[in-house]
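Now for the letters of each chain:
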Amino acid sequence: MIERFSYSSLETFKKCPAKFKFYYIDKIVKPDDSIEAFMGKRVHETLEFLYQEVAKKKIPIIDTVLEKYRELWEKSWHNRIAIFRWREFGSENYFALGEGCLARYYRLYKPFSEPVTGIEFELVFNLDDSDGYVMKGILDRVDHTGDGIWEIHDYKSGKRALTQKQADSDLQLALYQIGLQQLENNVESVILVWHFLQHGLEVRSTRTENQLNSLISKTKKTIDQIQGQIASGGEFAPKESFLCNWCYYWEECPAKTGTNPYIFKK
Ligand code: SF4
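The model shown is predicted, which means the values in this text are computed figures rather than measured ones.

(A) Representation of the packing of aromatic side chains. The tally for this structure, following the rule as stated, stands at 18 aromatic pairs. Considering the side-chain rings of Tyr23 and Tyr24, the 4.7 Å spacing of their centres and the 85° angle between planes classify their relative orientation as edge-to-face. We classify Tyr23 as partly exposed; its relative accessible area is 36%. For Tyr24, a relative accessible area of 22% corresponds to the partly exposed category. With 5.9 Å between their ring centres and 65° between their planes, Tyr69 and Trp73 make a pair best called edge-to-face. Here Trp73 and Tyr69 lie together in helix H4 (residues 62-76), a separation of four residues that amounts to about one turn. Site record: aromatic cluster; members linked through ring pairs are Tyr51, Tyr105, Tyr106, Tyr109, Phe112 and Tyr155. Just above the ring of Phe38 sits the side chain of Arg42; from NZ or CZ to the centre is 4.6 Å. The ring of Tyr133 has Lys220 sitting right over it, with the charged end atom 5.0 Å from the ring centre.

Below, the structure is given as structure tokens:
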């Protein structure tokens with residue numbers, strides 16, 4: 001049985017049960033990273049650095065922020081980073097994309113006076129009073145001015161930005177809202193905020209109590225399905241889609257042969 005679920009584990013199960021099994025049940029961890037994920041992690045770490053400095057009452061200049069980004073990039077670089085669009089785009093283009101994300105964010109939000117109460121804020125919470133539905137999540141940033149109005153912030157470094165309609169039905173931050181309301185006192189309202197860093201765009205949304213309750217029951221159903229399949233030794237079938245191009249489990253997957261030919265490592 002699985003003790004704790006996360007938004008990403010549940011999404012992986014919905015997209016491909018076989019991939020879910022390889023990673024979350026069989027615990028086959030691959031050392032691979034896509035260049036997009038690698039760049040996103042370095043951008044997140046750099047923003048974490050920025051707000052840590054701001055918390056110490058020091059606003060770093062943009063050059064210091066970008067130097068930190070370069071340092072983190074070079075320190076973390078490894079030889080299992082896959083560049084899927086290598087014919088058009090090399091690692092230097094992705095590095096520059098990340099720099100652009102940070103420079104844009106810096107210009108828009110300096111002097112960073114947001115009421116930040118947590119960066120990389122870890123939540124472990126239950127979907128009901130039993131211990132059967134434990135969820136965990138890490139929030140990029142949480143703001144609270146002390147008046148009961150909280151904001152959950154999420155940084156996205158990918159190309160695609162959510163429309164307002166998509167943000168209004170997004171599940172990830174809504175799940176985090178459920179956790180925040182359970183663990184913190186003085187939560188009057190919660191605003192969900194996405195930062196689409198390649199576009200310099202901020203999208204905001206809120207959820208009603210009914211929407212949160214419906215999300216709780218849908219999530220519990222998915223968890224029941226997974227735990228039921230594990231208990232009965234049921235099959236976690238492969239579900240092929242365009243996402244297979246970004247999957248590192250071709251060697252394990254019964255639907256594939258050989259290694260993923262779309263992964264070009266540099
Ligand atoms: S290759 Fe495709 S079908 Fe196989 S595990 Fe990966 S995502 Fe699933």
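Structure shown, so let's carry the discussion forward.
(B) Representation of the side chain of Thr222 in the model. Within the secondary structure, Thr222 is located in helix H8 (residues 209-232). Setting aside residues up to four positions removed in sequence, Thr222 forms contacts with Leu10, Phe13 and Lys14.

(C) Up close: the pattern of salt bridges. Under the counting rule described, the total for this entry stands at 17 salt bridges. Across the pair Lys14 and Glu11 runs a salt bridge whose closest N-O atoms are separated by 3.1 Å. With Lys14 and Glu11 both in helix H1 (residues 7-15), this residue pair falls three residues apart, about one helical turn. Exposure remark for Lys14: the relative accessible area of 36% places this residue in the partly exposed category. As a salt-bridge pair, Asp33 and Lys41 come within 2.9 Å of each other at their nearest N and O atoms. Owing to a relative accessible area of 12%, Asp33 belongs among the buried residues under this scheme. Salt bridges sharing common partners tie together Lys30, Glu251 and Glu252.

Rules used throughout
- Residues numbered from 1 in each chain as written.
- Predicted model: local features only at pLDDT ≥ 70, side-chain atom pairs only at ≥ 80, totals over all residues.
- Heavy atoms only, no water.
- Phe/Tyr/Trp six-rings, centres within 6.5 Å; stacked < 30°, edge-to-face > 60°.
- Buried < 20%, exposed > 50% of the residue type's maximum accessible area, 1.4 Å probe, protein only.
- Helix = DSSP H or I, 4+ residues; strand = E, 2+ residues; numbered from the N terminus.
- Lys NZ or Arg CZ within 6 Å of the ring centre and 35° of its normal.
- Contact = heavy atoms within 4.5 Å.
- Salt bridge = Lys/Arg side-chain N within 4 Å of Asp/Glu carboxyl O.

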